[in-house]
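These are the residues of each chain, in order.
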Amino acid sequence: MKPSLLLTISLSLLLDSVSAHYAFSKFLVNNTETAQWQYVRNLSLSRDPHNPAVEPLNYNPMFNLESVDMRCGRDAWKPERGATTKVATVIAGEKVGFRIEYPAVGIFHDGPGTAYLSKAPGNVKEYPGDGNWFKIHEAGPISKTCWPFSCDVPAEYNFTIPRKTPPGQYLLRVEQFWPRVMFNESQFYVSCAQIDVVGPGGGKPGPFAKFPGVYDNYDPGVWVDDSINMKRDLSSYKVPGPAPWKG
Ligand SMILES: *[C@@H]1O[C@H](CO)[C@@H](O)[C@H](O)[C@H]1NC(C)=O
Ligand SMILES: *[C@@H]1O[C@H](CO)[C@@H](O)[C@H](O)[C@H]1NC(C)=O
Ligand SMILES: *[C@@H]1O[C@H](CO)[C@@H](O)[C@H](O)[C@H]1NC(C)=O
Ligand SMILES: *[C@@H]1O[C@H](CO)[C@@H](O)[C@H](O)[C@H]1NC(C)=O
Ligand SMILES: [Cu+2]
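What you see is a predicted model; the values in this text were computed from it and never measured.

1. Considerations on the site of ligand 1
No. 1: If you check the shell around ligand 1, you find N31, K95, R99, P154, E156 and N158 and nothing else.
No. 2: Between ligand 1 and N31 there is a distance of 3.4 Å, counted from an oxygen atom to a side-chain nitrogen or oxygen.
No. 3: When isolated, ligand 1 has an accessible area of 360 Å², and the protein chains bury 57% of it.
No. 4: Those elements that provide at least two residues to the shell around ligand 1 are β4 (95–100) and β7 (156–160).
No. 5: Residue composition of the shell around ligand 1, by class: one nonpolar, two polar and three charged.

2. Focus on the sheet that holds strand β9 (residues 187–198)
No. 1: What the six strands build is an open sheet, ordered β3-β9-β8-β5-β6-β10; its pairing is mixed. In this open sheet, the two strands that pair with only one neighbour each are β3 (88–91) and β10 (208–209).

3. Quick word on the state of the cysteines
No. 1: One pass over the full model with this rule turns up two disulfides.
No. 2: Residue pairing for C146: its cysteine sulfur links by disulfide to C151, the two sulfurs lying 2.1 Å apart. A torsion of -95 degrees about the S-S bond marks the disulfide between C146 and C151 as left-handed.
No. 3: Taken N- to C-terminal, the disulfide-bonded cysteines of the protein are connected 1-4, 2-3.

4. Regarding the confidence of the model for the protein
No. 1: Residues with a pLDDT of 70 or more make up 91% of the protein, whose mean pLDDT is 92.
No. 2: For the protein, helix α1 (residues 3–15) is the element with the lowest average pLDDT, namely 46, and strand β5 (residues 113–119) is the one with the highest, namely 99.

5. A look at the site of ligand 2
No. 1: The environment of ligand 2 is formed by W37, N42, L43, S44, L45 and N58.
No. 2: The side chain of N42 places a nitrogen or oxygen atom 2.4 Å from an oxygen atom of ligand 2.
No. 3: One nitrogen or oxygen atom from the main chain of L43 is found 2.8 Å from an oxygen atom belonging to ligand 2.

About the thresholds
Along each chain, residue indices are assigned from 1 in the same order as the chain's sequence is written. Note on labels: chains are lettered from A, ligands numbered from 1, in written order. pLDDT decides what is reported in this predicted model: residues at 70 or higher carry local features, side-chain atom pairs at 80 or more are listed and counted, and totals for whole chains, interfaces and linings draw on all residues regardless. Side-chain calculation: all heavy atoms of the structure are included, whereas hydrogens and water are not. Working definition: residue near molecule or strand if any one of its non-hydrogen atoms lies within 4 Å of it. Polar contact criterion, stated in full: a pair of N or O atoms within 3.5 Å, where within protein one must be able to donate a hydrogen and the other to accept it, and residues adjacent in sequence count only if both atoms are side-chain atoms. Surface accessibility in these figures is a Shrake-Rupley result with a 1.4 Å probe; residues are shielded only by whichever protein chains are displayed. In DSSP terms, a helix is any run of H or I states spanning at least four residues, a strand is any run of E spanning at least two, and both are numbered starting from the N terminus. Amino acid classes used here: Ala, Val, Leu, Ile, Met, Phe, Trp, Tyr, Cys and Pro are nonpolar; Asp, Glu, Lys and Arg are charged; the rest, including Gly, are polar. At least two DSSP bridges between two strands are needed for those strands to be called paired. The criterion for a disulfide is a pair of cysteine sulfur atoms lying within 2.5 Å. Per-residue confidence from the predictor is reported as pLDDT, which spans 0 to 100.

What follows is the structure, encoded as structure tokens:
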């Protein structure tokens, strides 16, 4: 897409408060799109603090890094949310992904993507995600001026489940966020799928992180400087959180 056209689309989206956000609601597995909120824990409605007149939506972003909602999205840590969500069998080493349902145009906000796993001690449907998380993928800037999604604006974020991931049930957390130059204003889009990993195992995942807690409002990857904000030079940008586990 031509940058000028993209800019026009982005600006019109930003100006249209109703369509300015999105949620990762569809899990992609075996190269197949699954139904919205079938394998992904649904999110609760919220008002957008910047557009309080707009009716509450479940695809509004989160802002508060200290909230338990940072685990899986608004209220999605709750076992009652897990109970109504299915568990997808996933082959370790295979590609999976998350597709946004809304707005259809794509993941247009500037910023990185990450994916994390946390092993459930028992049934993942009952797991509140309070255990250890390890990062399995990160998508940082792809060029000096392009974020991974905001230059060609795909509707999905794809990555691979490491082949040596120990088999078992997990929460798979997808995250994309828009780091801002205003303190405590970064917009987080987070969802969790419930998965059952099948494979040879044998890996030792780590390093671990907890949600909330792993991100800091003062991290230069969360509260960015103007050069990053204006996309003058993204080459120094470091995605926050632990290093990805390669498996
Ligand atoms: C992600 O994978 C799906 C198939 O599962 C594919 O249709 C889509 O084009 C991929 N998206 C990107 C950005 O690679
Ligand atoms: C998801 O949650 C929204 C409210 O946040 C609700 O309107 C919608 O019906 C739910 N969808 C499913 C499939 O549970
Ligand atoms: C950030 O804003 C949230 C409200 O969205 C607030 O609850 C939280 O305390 C703020 N954090 C800091 C470090 O100011
Ligand atoms: C993906 O394919 C595998 C192997 O055929 C199958 O066992 C698994 O159930 C499929 N997952 C989903 C969610 O359909
Ligand atoms: Cu938005």
